[in-house]
Amino acid sequence: MEKIMPNRLDRGFYMYQKEFEIKALEVLRSGWYILGNEVKQFENEFASFTGSKHCVGLASGLDALWIAFRVLGIGKDDEVIVQGNTYIASVMGITINGATPVFVEPDEYFNIDASKIEEKITPKTKAILVVHLYGQASNMKPITDLCKKYNLRLVEDCAQSHGACFDGKMTGTFGDIGCFSFYPSKNLGAFGDAGAITTDDEKLAEAVRIFRNYGSEKRYHNKVVGANSRLDELQAGLLRVRLTHIKELAEEKQKICGRYLEELHNDKIQLPKIRDGATHIWHQFVIRSKQRDELMKYLDEKGIGTIIHYPIPPHLSEAYSYLGMKGGSLPVTELYAKEVLSIPLYNGMTEEEQARVIKAINVF
Ligand SMILES: *Cc1c(COP(=O)(O)O)cnc(C)c1O
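No experiment lies behind these values; they were computed from the predicted model shown. (Residues numbered from 1 in each chain as written. Predicted model: local features only at pLDDT ≥ 70, side-chain atom pairs only at ≥ 80, totals over all residues. Heavy atoms only, no water.)

## Considerations on the site of the ligand
Here is step 1 of the chain: With respect to spatial proximity, 13 residues lie near the ligand, and among them Gly 61, Asp 157, Gln 160, Ser 181 and Lys 186 are the closest.
Here is step 2 of the chain: One nitrogen or oxygen atom from the main chain of Gly 61 is found 2.8 Å from an oxygen atom belonging to the ligand.
Here is step 3 of the chain: Backbone polar atom of Leu 62 to an oxygen atom of the ligand: 2.9 Å apart, as the coordinates give it.
Here is step 4 of the chain: Against a free-state accessible area of 380 Å², the protein chains account for coverage of 91% of the ligand.
Here is step 5 of the chain: Elements that contribute at least two residues to the shell around the ligand include exactly helix H4 (61-71) and helix H5 (88-95).
Here is step 6 of the chain: For the shell around the ligand, the element with the highest residue contribution is H4, accounting for three residues.
Here is step 7 of the chain: Of the residues that constitute the shell around the ligand, the class distribution is six nonpolar, five polar and two charged. (Near = heavy atom within 4 Å. Polar contact = N/O pair within 3.5 Å; in protein donor to acceptor, adjacent residues only side chain to side chain. Areas by Shrake-Rupley, 256 points an atom, 1.4 Å probe, with all protein chains shown as cover. Helix = DSSP H or I, 4+ residues; strand = E, 2+ residues; numbered from the N terminus. Nonpolar A, V, L, I, M, F, W, Y, C, P; charged D, E, K, R; others polar.)

Following this line, the structure appears as structure tokens:
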């Protein structure tokens, strides 16, 4: 029997093969490859999808994060609050500018525990970076209240949450800037690296637009020392194609995960929970188990691949050893790193593949 992979990007391509191929050829034949009509159209369409006034296309999700903090003027001597159990890029978005990450433990939904933020606020705190991890919107009401109370900036890492809402409002629109990744495996994926920011603030949008192109507003008139972080025409065009199908792609994942929630039964695992008021777009279907490593090995022997998101929390990674944080300093984050497992989930996953995953987990 064919091995079931944790993710299958080819399936997502073949679902709309013809449309992707027509668009790719159109861009290749156009003779215009950087900052043209496709990027402009995608920015308009994605802003409209999220309900933001502005979208600026960038080269990656990490660029979206660090450029967001850069244009907000957050860097050296500043602190930014972020959850401990995130992908390390969230933290790099903060530290590339010289700011210090201050970690808060996650709640039972794998997002930042809003009740533990206030105790971490100091006079140096400038912003909260909310990560809508695995595709579920975070608990935004108390977080936006805290930002108002302490006059903090709010940045959202929406790399995993395209289309997820809290109280009917789209992630990426709660704060100053929403940061998106279109890395191929994300729910809105390109065929290479790509990212974007969304914002309602015209000045911030303009600052990012200038920054991404060497800091130049007009060619050869450079206002700031910027970066080269442009979304290219080919990726923008292909993203436009995928964006027209985002609703049905999300519905398909909802259906698969609905089946997982209904049919997975095993005392040795905990299923993911959904917060009241939040929607989940299922970037990953993440279960927990005290016997995670055994389960992973067992599933592998049954021909089912799984992944751990993420086995080493950022505060314990070698990159952040300079923060001097020891094992045990974030017990919940560290527990999740030992217990979480992402089971196979992708658009184009067959019912038979779903059934094999369910059966194997239930028998474990
Ligand atoms: C993927 C991801 C990023 C980084 O995006 P890239 O496009 O790979 O740079 C940042 N934060 C989170 C939570 C992610 O999942």
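Next comes the rest of the write-up.
## Side note on the side chain of Asn 347
Here is step 1 of the chain: Positionally, Asn 347 belongs in the loop between strand E13 (340-343) and helix H12 (351-363).
Here is step 2 of the chain: Accessibility expressed as a relative area gives 13% for Asn 347, which makes it buried.
Here is step 3 of the chain: At a separation of 2.9 Å, a polar atom in the side chain of Asn 347 contacts the main-chain carbonyl oxygen of Leu 249.
Here is step 4 of the chain: A polar side-chain atom of Asn 347 sits 2.7 Å from a polar atom in the side chain of Glu 252.
Here is step 5 of the chain: Once residues lying within four places of it in the same chain are set aside, the contact partners of Asn 347 are Arg 8, Arg 11, Gly 12, Met 15, Leu 249, Glu 252 and Lys 253. (Buried < 20%, exposed > 50% of the residue type's maximum accessible area, 1.4 Å probe, protein only. Contact = heavy atoms within 4.5 Å.)

## Some details on the domain arrangement of the chain
The accessible area lost on association of the parts is a frequent measure of interface size.
Here is step 1 of the chain: Here the chain is described as being made up of domain 1 (10-104 + 112-243) and domain 2 (246-363).
Here is step 2 of the chain: Computed from C-alpha atoms alone, the centre-to-centre distance between domain 1 and domain 2 is 24 Å.
Here is step 3 of the chain: Listed by partner, the interface residues are 37 residues for domain 1 and 38 residues for domain 2.
Here is step 4 of the chain: Summed over both sides, the interface of domain 1 with domain 2 buries roughly 3,000 Å², with 59% coming from carbon and sulfur.
Here is step 5 of the chain: Summed over the shared surface of domain 1 and domain 2, the result is one salt bridge.
Here is step 6 of the chain: In this structure, the salt-bridge partner of Glu 353 is Arg 11, at a minimum N-O distance of 2.8 Å.
Here is step 7 of the chain: If you look at where domain 1 meets domain 2, you find 19 residue pairs in polar contact (both at pLDDT 80 or more). (Domains from an automatic or database assignment. Buried area = accessible area lost by both parts, 1.4 Å probe. Salt bridge = Lys/Arg side-chain N within 4 Å of Asp/Glu carboxyl O.)

## Considerations on the packing of helix H3 (residues 37-50) against helix H8 (residues 233-243)
Here is step 1 of the chain: Where H3 contacts H8, the axes come no closer than 8 Å and their chain directions differ by 35°. Two packed elements cross with a definite hand, and for H3 against H8 that hand is left-handed. Where H3 approaches H8, its residues Asn 37, Glu 38, Val 39, Gln 41, Phe 42, Glu 45, Phe 46 and Phe 49 are matched on the opposing element by Glu 233, Ala 236, Gly 237, Leu 239, Arg 240 and Leu 243.
Here is step 2 of the chain: Class assignment of the residues belonging to the contact of H3 with H8 gives a composition of seven nonpolar, three polar and four charged. (Axes fitted to C-alpha atoms, helices over the stretch in contact; angles between N-to-C directions. Left-handed = near helix turned anticlockwise from the far one by under 90°.)

## A word on helix H10 (residues 292-301)
Here is step 1 of the chain: Listed in full, the buried residues belonging to H10 are Arg 292, Leu 295, Tyr 298 and Leu 299. All buried residues of H10 project into a common sector of 125° when viewed along the axis, lining one side. For H10, exposure combined with an orientation more than 90 degrees from the buried face picks out Asp 293, Glu 294, Lys 297 and Glu 301.
Here is step 2 of the chain: Here the buried face of H10 lies against strand E12 (285-288), helix H11 (331-339), E13 and H12.
Here is step 3 of the chain: In the stretch just after H10, Gly 303 is the one whose phi turns positive, near 80°. (Arc of directions from axis to C-beta.)

## Things to note about the packing of helix H2 (residues 17-30) against H8
Here is step 1 of the chain: The interhelical angle for the contact between H2 and H8, taken along N-to-C directions, is 150°, at an axis separation of 9 Å. The orientation of H2 with respect to H8, classified from their angle, is roughly antiparallel. Once H2 is placed against H8, the crossing between them reads as right-handed. On H8, the residues that touch Glu 19, Phe 20, Lys 23, Ala 24 and Val 27 of H2 are Glu 233, Leu 234, Gly 237, Leu 238, Arg 240, Val 241 and Arg 242.
Here is step 2 of the chain: Within the contact of H2 with H8, the residues separate by chemical class into six nonpolar, one polar and five charged. (Parallel < 35°, antiparallel > 145°, perpendicular 65-115°, else oblique.)

## Overview of the side chain of Gln 160
Here is step 1 of the chain: Residue placement: Gln 160 occurs in the loop between strand E5 (153-157) and strand E6 (165-166).
Here is step 2 of the chain: Within the local environment of Gln 160, its side chain forms a polar contact with the backbone nitrogen of Tyr 134, the two atoms lying 2.6 Å apart.
Here is step 3 of the chain: Here the side chain of Gln 160 touches Tyr 310 through a polar contact of 2.8 Å, side chain to side chain.
Here is step 4 of the chain: Contact partners of Gln 160, with chain neighbours within four places excluded, come to His 132, Leu 133, Tyr 134, Gly 135, Ile 281, His 283 and Tyr 310.

## Thoughts on the nonpolar core
Here is step 1 of the chain: Formed by 61 residues in total, the largest nonpolar core has its most connected members in Tyr 260 and Phe 285.
Here is step 2 of the chain: For this core, the two domains that each supply at least three residues are domain 1 (10-104 + 112-243) and domain 2 (246-363).
Here is step 3 of the chain: Not counting residues up to four positions away in its chain, the partners in contact with Phe 285 are Cys 257, Tyr 260, Leu 261, Leu 264, Leu 271, Pro 272, Leu 341, Ser 342, Ile 343 and Leu 345.
Here is step 4 of the chain: Formed by 19 residues, the second largest nonpolar core is a distinct cluster that contains Ile 121, Ile 128, Met 140 and Cys 147. (Core = buried A, V, L, I, M, F, W, Y, C linked by side-chain atoms within 4.5 Å.)

## Thoughts on the sheet that holds strand E8 (residues 177-181)
Here is step 1 of the chain: Pairing in this open sheet of seven strands is mixed, and the strands run E1-E9-E8-E5-E4-E2-E3 from one edge to the other. At either margin of the open sheet sits one strand with a lone partner, and together these are strand E1 (54-58) and strand E3 (100-104). Shown here is a sheet whose adjacent strand axes are inclined to one another by a mean of 25°, direction ignored.
Here is step 2 of the chain: Direction of pairing for E8 relative to strand E9 (residues 195-199): antiparallel, over a ladder of four bridges. Looking at E9, one finds that Gly 178 is bridged to Thr 198. (Pairing = 2+ DSSP bridges.)

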